[in-house]
Amino acid sequence: MKRDYNLAVAGATGAVGNEMIKILEELQFPVASLKLLASSRSAGQTLEFQGENLTVEELRDDSFQGVDLALFSAGASVSRDFAPIAAASGCVVIDNSSAWRMDPEVPLVVPEVNPHAIGGYRNKGIIANPNCSTIQMVVVLKPIYDAVGIERVVVSTYQAVSGTGKRAMEELADQTRKLLTFQEVEPEVYPYRIAFNCFPHIGGFLENGYTEEEMKMVNETVKIMEDLDIGISATTVRIPVFYGHSEAVNIQTRAKLSAKDARVLLFQAPGVRVLDNPDERIYPMPIEAAGTNDTLVGRIREDTSIANGLDIWIVADNIRKGAALNTVQIAELLVKDFM
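Residues numbered from 1 in each chain as written. Predicted model: local features only at pLDDT ≥ 70, side-chain atom pairs only at ≥ 80, totals over all residues. Heavy atoms only, no water.

*Asks:* Looking at this structure, how should I read helix H5 (residues 212-225)?
*Replies:* In an α-helix, one turn spans 3.6 residues; hence positions three or four apart end up facing the same way. Here H5 spans 20 Å end to end across 14 residues, near enough to the 20 Å set by a 1.5 Å rise per residue. Burial of H5 is extensive: 10 of the 14 residues sit out of reach of the surface. Within the span of H5, buried status applies to Glu-213, Glu-214, Met-215, Met-217, Val-218, Glu-220, Thr-221, Val-222, Ile-224 and Met-225. If you follow the buried residues of H5, they end up packed against helix H3 (132-148), strand E9 (150-159), strand E10 (231-238) and strand E11 (245-253). One or two residues past the end of H5 sits Glu-226, with phi positive at roughly 60°. (Helix = DSSP H or I, 4+ residues; strand = E, 2+ residues; numbered from the N terminus. Expected span 1.5 Å × (residues − 1). Buried < 20%, exposed > 50% of the residue type's maximum accessible area, 1.4 Å probe, protein only. Contact = heavy atoms within 4.5 Å.)

Spelled out as structure tokens, the structure:
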């Protein structure tokens, strides 16, 4: 890192934007100045960074003058409008929305998996951050893929409400309180009650019967892993947990890999922490993942129904590694190796 950088966070008052600000400070990113941007409704709020109270400004066309690097977490429609404007002003955008992920000219990056792709930012001045559930899965798939190849992946997710945002977290808390005091609840954020319930519906349903979230996992994984031959099937489920997405992942490898050898690989993998001792009831859970940077892995076992099969349980904090941390890690590599 050759100097300090002028940064902006778009969507600064949201759950992910808040976390980005915290992580920039925790990781001591070389910040010369930090501009906080949000909608007109949130402008005027103050947020703390490095002991200073910074005032949130309204996101405007001229917000990126003099900014070197902008971290976006303001939704796909905002990113589609403002990311090109920011890039045209000479600012590199790292976008956390779905707006640019599948654009062939925009790199889709998980630093532990495909850091080389960051160089593609020069095409449009934009780097895309993958979907939260994709990120934690590919961090685990990468060392296995490098060792023996991967033929097919079947994943079922159990996703926390924080993935939908602050209103969803408030809805879960409110519904829980009401139900425990025998009051009626009316869902607003979700189509059904989320407290004491789960439903296999994240994003809209597509013509093929899958949801948007499920196809994000399929398409993003193929792009990040750079292998069109990996077969992927996903089922995504929303559950009444505040933080931490969980995934049951079945992997069919191209060559044999024992559970023991897989465990060794994952012990050595960057960004992964293995918690796998069933005899002592040690396995990953959302309450352990919340607030941590690592992707937690356990229940590593060989699939008894197919050759070359592994079953793995993966948990990560969807707001940190699944969004804010991954974004800042991309920024760190960008300024270190590519700018």
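More follows now that the structure is in view.
*Asks:* Looking at this structure, how should I read H3?
*Replies:* Compared with the 24 Å implied by 1.5 Å per residue over 17 residues, the 25 Å span of H3 between its first and last C-alpha is a close match. A maximum bend of about 30° is found in H3 at Leu-141, where proline Pro-143 lies one to four positions downstream. Extensive coverage of H3 is indicated by the burial of 13 of its 17 residues. Phi turns positive one or two residues past the end of H3, at Gly-149, with a value near 75°. (Bend = angle between axes of the 7 residues up to and from the residue.)

*Asks:* For this particular structure, what's the right way to read the pairing of strand E7 (residues 92-95)?
*Replies:* Side-chain positions along a regular strand alternate between the two faces of the sheet. Burial along E7 is two-sided: the residues Val-92 and Ile-94 and Val-93 and Asp-95 are all buried. Both strand E6 (residues 69-72) and E7 contribute to a ladder of 4 bridges, which runs parallel. Looking at the pairing, Ala-70 lines up with Val-93 of E7. Handedness of the crossover is the feature at issue here: the chain leaves E6, passes through helix H2 (residues 76-88), returns alongside E7, and the resulting connection is right-handed. (Pairing = 2+ DSSP bridges. Right-handed = clockwise from strand over helix to strand, strands pointing away.)

*Asks:* Explain the nonpolar core here, please?
*Replies:* In terms of nonpolar packing, the biggest core is built from 56 residues, with Phe-64, Phe-72 and Ile-312 touching the most fellow members. Element by element, the count of residues in this core is highest for H3, at 8 residues. Non-local contacts of Ile-312, meaning those with residues more than four positions away in its chain, are made with Val-140, Ile-144, Glu-247, Ala-248, Val-249, Ile-251, Leu-266, Val-297, Gly-298, Arg-299, Ile-300 and Arg-301. Membership of the second largest hydrophobic core comes to 36 residues, among which are Leu-34, Ile-94, Ala-117 and Val-328. (Core = buried A, V, L, I, M, F, W, Y, C linked by side-chain atoms within 4.5 Å.)

*Asks:* Looking at this structure, I do not really get the sheet that holds strand E14 (residues 309-316). What am I missing?
*Replies:* The strands that make up a sheet are held in pairs by hydrogen bonds between backbone atoms, and each pair lies either parallel or antiparallel. The sheet built from 6 strands is open, its strands ordered E10-E9-E11-E14-E13-E12 with mixed pairing. Because the sheet does not close on itself, it has two edges, and the strands there are E10 and strand E12 (272-274). Each strand of the sheet is rotated relative to its neighbour by a mean of 20°, with strand direction disregarded. When E11 meets E14, the two strands line up antiparallel, connected through 8 bridges. Its bridge partner being in E14, Ser-246 is matched across the sheet by Val-315. Of the strands in this sheet, E9, E11, E12, strand E13 (295-302) and E14 touch H3, which is tilted by about 25° from E11. (Axes fitted to C-alpha atoms, helices over the stretch in contact; angles between N-to-C directions.)

*Asks:* What exactly am I supposed to notice about the environment of Gln-65 here?
*Replies:* For Gln-65, the location among the structural elements is in the loop between strand E5 (57-58) and E6. Taking relative accessible area as the criterion, Gln-65 reaches 54% and is therefore assigned exposed. Distance from Gln-65 to Gly-90, taken between C-alpha atoms, is 8.1 Å for residues 25 residues apart in sequence. Discounting chain neighbours no more than four positions away, the residues touching Gln-65 are Lys-35 and Ser-89.

*Asks:* Would you take a moment to explain a nonpolar patch on the surface for this structure?
*Replies:* Among the surface-exposed residues, Tyr-283, Met-285 and Ile-287 lie close enough to one another that they form a single nonpolar patch of about 290 Å² accessible area. Looking at the secondary structure, you find Met-285 in the loop between E12 and helix H7 (286-289). In this structure Met-285 comes out as partly exposed when scored by relative accessible area, which is 31%. (Patch = residues over 30% accessible without salt bridge, like charges linked within 9 Å, V, L, I, M, F, W, Y side chains within 5 Å. Areas by Shrake-Rupley, 256 points an atom, 1.4 Å probe, with all protein chains shown as cover. Salt bridge = Lys/Arg side-chain N within 4 Å of Asp/Glu carboxyl O.)

*Asks:* So what exactly am I meant to see when it comes to the packing of aromatic side chains here?
*Replies:* Here a ring pair, both rings aromatic, is described through the centre-centre distance and the interplanar angle of the planes. Throughout the structure, instances matching the rule amount to 4 aromatic pairs. Measuring from ring centre to ring centre gives 5.6 Å for Phe-64 and Phe-72, while their planes differ by 20°; the resulting arrangement is stacked. A relative accessible area of 0% means that Phe-72 is categorised as buried. Their ring planes at 55° and their centres at 6.2 Å tell us that Tyr-192 and Phe-199 sit as a pair that is tilted. You can call Tyr-192 exposed: its relative accessible area is 53%. Given a relative accessible area of 5%, Phe-199 falls into the buried group. In this structure an aromatic cluster arises from ring pairing among Tyr-190, Tyr-192 and Phe-199. (Phe/Tyr/Trp six-rings, centres within 6.5 Å; stacked < 30°, edge-to-face > 60°.)

*Asks:* When you look at the sheet that holds E5 in this model, what are you seeing that I'm missing?
*Replies:* As summarised here, the arrangement of the 6 strands in space is E5-E2-E1-E6-E7-E8, forming an open sheet in which the pairing is parallel. Each edge of the open sheet is held by one strand with a lone partner, namely E5 and strand E8 (126-128). As paired elements, strand E2 (residues 31-38) and E5 share 2 bridges and run parallel to each other. Bridge pairing in E5 places Ala-38 opposite Glu-58. Packed on one face of the sheet, helix H1 (residues 15-26) meets strand E1 (5-10), E2 and E6 and runs near 155° to E1.

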